2 protein chains.
Amino acid sequence: MIAVVGHTAIDHLFRVPKLPGRHNSTYITDHKVYFGGGAANIAAGIAMLGERCRLVSTVGGDFPGSDYDLWLHDLGIVQDFTQVKDTRTATAFIFTDDGGDQETFFEWGASVAFATAEAPALDFVHMATADPDFNVRVAQTSTFASFDPGQDLLRYTPDQLEIILANIDILFSNNHEMDRMCEMLGMERRALVASVPMVVTTRGSEGSLLCMDGEEHHVPAVRVDAVDPTGAGDGYRAGFLTAFRKGYAPIDCCRAGAVVSSFVVERTGTQTNLPDWGRMLERYRKVFGEPGKIIS
Amino acid sequence: MIAVVGHTAIDHLFRVPKLPGRHNSTYITDHKVYFGGGAANIAAGIAMLGERCRLVSTVGGDFPGSDYDLWLHDLGIVQDFTQVKDTRTATAFIFTDDGGDQETFFEWGASVAFATAEAPALDFVHMATADPDFNVRVAQTSTFASFDPGQDLLRYTPDQLEIILANIDILFSNNHEMDRMCEMLGMERRALVASVPMVVTTRGSEGSLLCMDGEEHHVPAVRVDAVDPTGAGDGYRAGFLTAFRKGYAPIDCCRAGAVVSSFVVERTGTQTNLPDWGRMLERYRKVFGEPGKIIS
């Protein structure tokens, strides 16, 4: 069982001719609602790949019985949810204009409940972006932990970040977040990377980098017709963690991550094109050949 | 019975520390949902003032049984609604930052149905902002009509505007919209004003101007502690039209409009502080003295 901690959110994706700018208004030409939230995206990815998954998250009074609730149930995800009845589930409002410019407004909503929620002791947990203090507590009580500060990196104090890095087994981030963490901690990248057993840095179309035991391994991205990059990183983590839990070597886990990610970007929405293990393996073999043997 | 034609909408008012601008994101610190839409605001104002009212509008599949639906029912408003099941009720997303800067995104939603809806023949109708072509048809088939192009003015062609102006009895607009209409029609303000029996121009804190029979009458705004200007114009129209329907002189109708407007701005939301006729009259008397006799 893989536990994933973090946001369950609703993504509102809007299209407008042009972002209005201050004191102006514009018409919305398209508005679609997708299931989102980093942790929930990863949990859905893992569940679709066939691994048992527990989602530790918070939802609002609007969630029980909603389509999103039913979808997660259908995926067989164990919902370990703090429900905050008088507030909404976290929501992202993302406006994209015809020129590709984008503005995002994120409503923390029910996710405020993380701050006071009890951190469960977990065997194998991935901490996606969420409340820093909650993640500190999870990192301290869990047996095996991976961590991804994501868009909430700026909410962490250097102290919180240090405690988490000292208590985790895998660190995920993108290139930009890695730079930012180094700045926050006043550390060289080499020293930060050496402080965690395994570090995976995703770099968009340039693929990803696995650092462990003092060595670096580059894994190329899987090229597809990308429609929407949203959720690519979450797909990567779902693929990586599922393969890791199945006992594959870390480099193969990175490849599985790249493959799942390639499915996610082929369709708008973060949970709309998740592959099962069979579909994942099929594409994996085409791109990377047969994965190595299960090693653990 | 006063009929009001136009948008029924949901207003989402968001507070953020600072508008994010292109390619950035921000956290929402407050998010409240209010009943809105120009026509529905005016209809609610009229109904609260005790006049019978019919709202000719469009709503989405999300509307029936919603709190908004129940609120309009409780007000006794006759709902003459085109329901578009597979779309949402029109929605405004309004983001205001701590510096007072604002961005608005308007989702036309179910209001697209106006384009093909049949225009009812109405005795006494106010056309609030909505589909230009629908309003043209309403103007042509109704007996007595008032019109307010509002924020949708730019959607009108000069031809549509000309047909409407030739078929209405009262024109409402703000100063800016009046200038814009003159530009669109290539007319001097004096000529445009002379082409409609009664023209009411609202000018925010400077009050309003009534033009009829070649004369101008200024009506001052009613000074209150204003919290939120949204819906002020709609309140004015509700007060004016109700008083007009009761048979008061146009100048007294403007005063009633100014009074209703003063209530609306005292609270956030457009339908959250609508007065009944008694409360309206009480403030009217304090500010303007006893209204003139009913003249028609």
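Owing to the predicted nature of the structure, the values given are computational and were not obtained by experimental measurement.

1. Considering the overall build of chain A
Scanning chain A for helices and strands turns up 9 helices and 14 strands. A compact globule built from 296 residues would reach a C-alpha radius of gyration of about 19 Å, and chain A, at 18 Å, matches this within 12%. Taking all 296 residues of chain A together, 58% fall into the buried category. Within chain A, counting contacts between residues at least 6 apart in sequence, those at least 24 apart form 61% of the total. Accessible surface, chain A: about 12,300 Å² in total, of which carbon and sulfur atoms supply 48%. Taken together, the 25 basic and 39 acidic charged side chains of chain A have centroids lying 4 Å from each other.

2. Some remarks on helix H1 (residues 38-48) of chain B
Residues and elements named next belong to chain B. Extensive coverage of H1 is indicated by the burial of 10 of its 11 residues. Of all the positions in H1, only Gly38, Ala39, Ala40, Asn41, Ile42, Ala43, Ala44, Gly45, Ile46 and Ala47 are classed as buried. Where the residues of H1 are buried, they touch strand E1 (2-5), strand E4 (30-36), strand E5 (53-60), helix H2 (67-74), strand E9 (124-127) and helix H7 (232-246). In the segment just after H1, glycine 50 is the residue with positive phi, at about 100 degrees.

3. Some thoughts on the relation of the copies chain B and chain A
Between chain B and chain A, the superposition needs a rotation of 179 degrees and an axial shift of 0.0 Å, giving an RMSD of 0.1 Å. Overall, the copies show the geometry of a two-fold rotation axis. Minimal C-alpha distance to the rotation axis in chain B is attained by glycine 21 of chain B, lying at 3.6 Å. A share of 100% of the interface residues of chain B reappears at the interface of chain A, consistent with the copies meeting face to face through the same patch.

4. Considering the packing of helix H8 (residues 250-264) of chain B against helix H9 (residues 277-288) of chain B
Residue and element names in this part refer to chain B. Contact pair H8 / H9: the axes reach a minimum separation of 9 Å and the direction vectors enclose 110 degrees. Relative to H9, H8 is oriented roughly perpendicular. Two packed elements cross with a definite hand, and for H8 against H9 that hand is right-handed. Judged by residue contacts, Asp252, Arg255, Ala256, Ala258, Val259, Val260, Ser262 and Phe263 of H8 engage Arg279, Met280, Arg283, Tyr284 and Phe288 from H9. The class makeup of the residues in the contact of H8 with H9 is 8 nonpolar, 1 polar and 4 charged.

5. Comments concerning the interface of chain B and chain A
The interface is formed by 31 residues belonging to chain B together with 32 residues belonging to chain A. When chain B packs against chain A, close to 2,700 Å² is buried across both sides, 52% of that on carbon and sulfur atoms. Sorting the residues of chain B by area buried against chain A places Arg22, Tyr27 and Phe105 of chain B first, and these three jointly supply 25% of that buried surface. On the surface where chain B and chain A come into contact, there are 14 residue pairs in polar contact (both at pLDDT 80 or more). At the level of elements, strand E2 (9-16), strand E3 (24-28), E4, strand E7 (90-97) and strand E8 (102-107) of chain B are the ones that each hand at least two residues to the side of chain B that touches chain A. It is E8 of chain B that provides the largest number of residues to the side of chain B that touches chain A, a total of 6 residues. Split into classes, the residues belonging to the side of chain B that touches chain A amount to 12 nonpolar, 10 polar and 9 charged. Here 5 bridges tie strand E3 (residues 24-28) of chain A to E8 of chain B, and the two strands are oriented parallel to one another. Bridge pairing in E8 of chain B links isoleucine 28 of chain A to glutamate 107 of chain B.

6. Quick word on the sheet that holds E2 of chain B
As summarised here, the arrangement of the 5 strands in space is E3(A)-E8(B)-E7(B)-E2(B)-E4(B), forming an open sheet in which the pairing is mixed. Either end of the sheet is taken by a strand with one partner, and the two such strands are E3 of chain A together with E4 of chain B. Shown here is a sheet whose adjacent strand axes are inclined to one another by a mean of 20 degrees, direction ignored. The strands touched by H2 of chain B within the sheet are E2 and E4 of chain B, with E4 of chain B carrying the most contacts at an inclination of about 40 degrees.

7. Regarding the packing of aromatic side chains
Taken as a whole, this structure holds 46 aromatic pairs over all chains when the rule is applied. Centre to centre, the rings of phenylalanine 14 of chain A and phenylalanine 95 of chain A are 4.3 Å apart; their planes meet at 10 degrees, and the pair counts as stacked. Within this pair, whereas phenylalanine 14 of chain A is found in strand E2 (residues 9-16), its partner phenylalanine 95 of chain A is found in strand E7 (residues 90-97), the two being separated by 81 residues in sequence. Residue class for phenylalanine 95 of chain A comes out buried when judged on its relative accessible area of 0%. Ring centres 6.2 Å apart and planes at 35 degrees place the aromatic pair phenylalanine 35 of chain B and tryptophan 71 of chain B in the tilted group.

8. A closer look at unusual backbone geometry
Of note in this structure, aspartate 213 of chain A is not a glycine but carries a positive phi near 50 degrees. Among the residues examined, aspartate 213 of chain A registers a relative accessible area of 69% and is labelled exposed.

9. Comments concerning the sheet that holds E2 of chain A
Strand order across the open sheet formed by 5 strands is E4(A)-E2(A)-E7(A)-E8(A)-E3(B), with mixed pairing between neighbours. The strands lining the two open edges of the sheet, one partner per strand, are strand E4 (30-36) of chain A together with E3 of chain B. This sheet shows a mean twist of 20 degrees between the axes of neighbouring strands, independent of strand direction. Where E2 of chain A meets E4 of chain A, 7 bridges bridge the pair, whose relative direction is antiparallel. The residue bridging alanine 9 of chain A from the neighbouring strand is glycine 36 of chain A, located in E4 of chain A. Its contacts with the sheet place helix H2 (residues 67-74) of chain A against E2 and E4 of chain A, and it is angled at close to 40 degrees to E4 of chain A.

10. A look at the environment of alanine 249 of chain A
Along the polypeptide, alanine 249 of chain A turns up in the loop between helix H7 (232-246) and helix H8 (250-264). Measuring from C-alpha to C-alpha, the distance between alanine 249 of chain A and proline 291 of chain A comes to 8.8 Å, with 42 residues separating the pair along the chain.

11. Observations concerning the pattern of salt bridges
Overall, the coordinates contain 21 salt bridges over all chains when judged by the stated rule. The shortest N-O distance in the salt bridge between arginine 54 of chain A and aspartate 80 of chain A comes to 2.5 Å. Highlighted residues: arginine 54 of chain A in strand E5 (residues 53-60) and aspartate 80 of chain A in strand E6 (residues 78-84), separated in sequence by 26 residues. Take arginine 54 of chain A: its relative accessible area is 25%, and that puts it in the partly exposed class. Across the pair glutamate 290 of chain B and arginine 285 of chain B runs a salt bridge, and its minimum N-O distance is 2.8 Å.

12. So, the UniProt feature "domain: Carbohydrate kinase PfkB" (unreviewed entry) in chain A
In the numbering adopted here, UniProt assigns the feature "domain: Carbohydrate kinase PfkB" (unreviewed entry) to residues 2-276 of chain A. The distance from the first to the last C-alpha atom of residues 2-276 of chain A is 16 Å, and the span holds 31% helix and 29% strand.

13. Observations regarding the state of the cysteines
Residues and elements named next belong to chain A. Going through the model one piece at a time under the given rule, you end up with 0 disulfides over all chains. Lacking any disulfide linkage, cysteine 211 is separated from the closest cysteine sulfur, that of cysteine 254, by 9.4 Å. In this structure cysteine 211 comes out as buried when scored by relative accessible area, which is 7%.

About the cut-offs
- Residues numbered from 1 in each chain as written.
- Chains lettered and ligands numbered in written order.
- Predicted model: local features only at pLDDT ≥ 70, side-chain atom pairs only at ≥ 80, totals over all residues.
- Heavy atoms only, no water.
- Helix = DSSP H or I, 4+ residues; strand = E, 2+ residues; numbered from the N terminus.
- Rg over C-alpha atoms; globule rule 2.2 N^0.38 Å.
- Buried < 20%, exposed > 50% of the residue type's maximum accessible area, 1.4 Å probe, protein only.
- Contact = heavy atoms within 4.5 Å.
- Areas by Shrake-Rupley, 256 points an atom, 1.4 Å probe, with all protein chains shown as cover.
- Lys, Arg positive; Asp, Glu negative; His and termini not counted.
- Charge placed at Lys NZ, Arg CZ, Asp CG, Glu CD.
- Least-squares fit on C-alpha atoms with pLDDT ≥ 70 in both.
- Axes fitted to C-alpha atoms, helices over the stretch in contact; angles between N-to-C directions.
- Parallel < 35°, antiparallel > 145°, perpendicular 65-115°, else oblique.
- Left-handed = near helix turned anticlockwise from the far one by under 90°.
- Nonpolar A, V, L, I, M, F, W, Y, C, P; charged D, E, K, R; others polar.
- Buried area = accessible area lost by both parts, 1.4 Å probe.
- Polar contact = N/O pair within 3.5 Å; in protein donor to acceptor, adjacent residues only side chain to side chain.
- Pairing = 2+ DSSP bridges.
- Phe/Tyr/Trp six-rings, centres within 6.5 Å; stacked < 30°, edge-to-face > 60°.
- Salt bridge = Lys/Arg side-chain N within 4 Å of Asp/Glu carboxyl O.
- UniProt positions renumbered as here; feature names shortened; annotations may be inferred.
- Disulfide = S-S within 2.5 Å.

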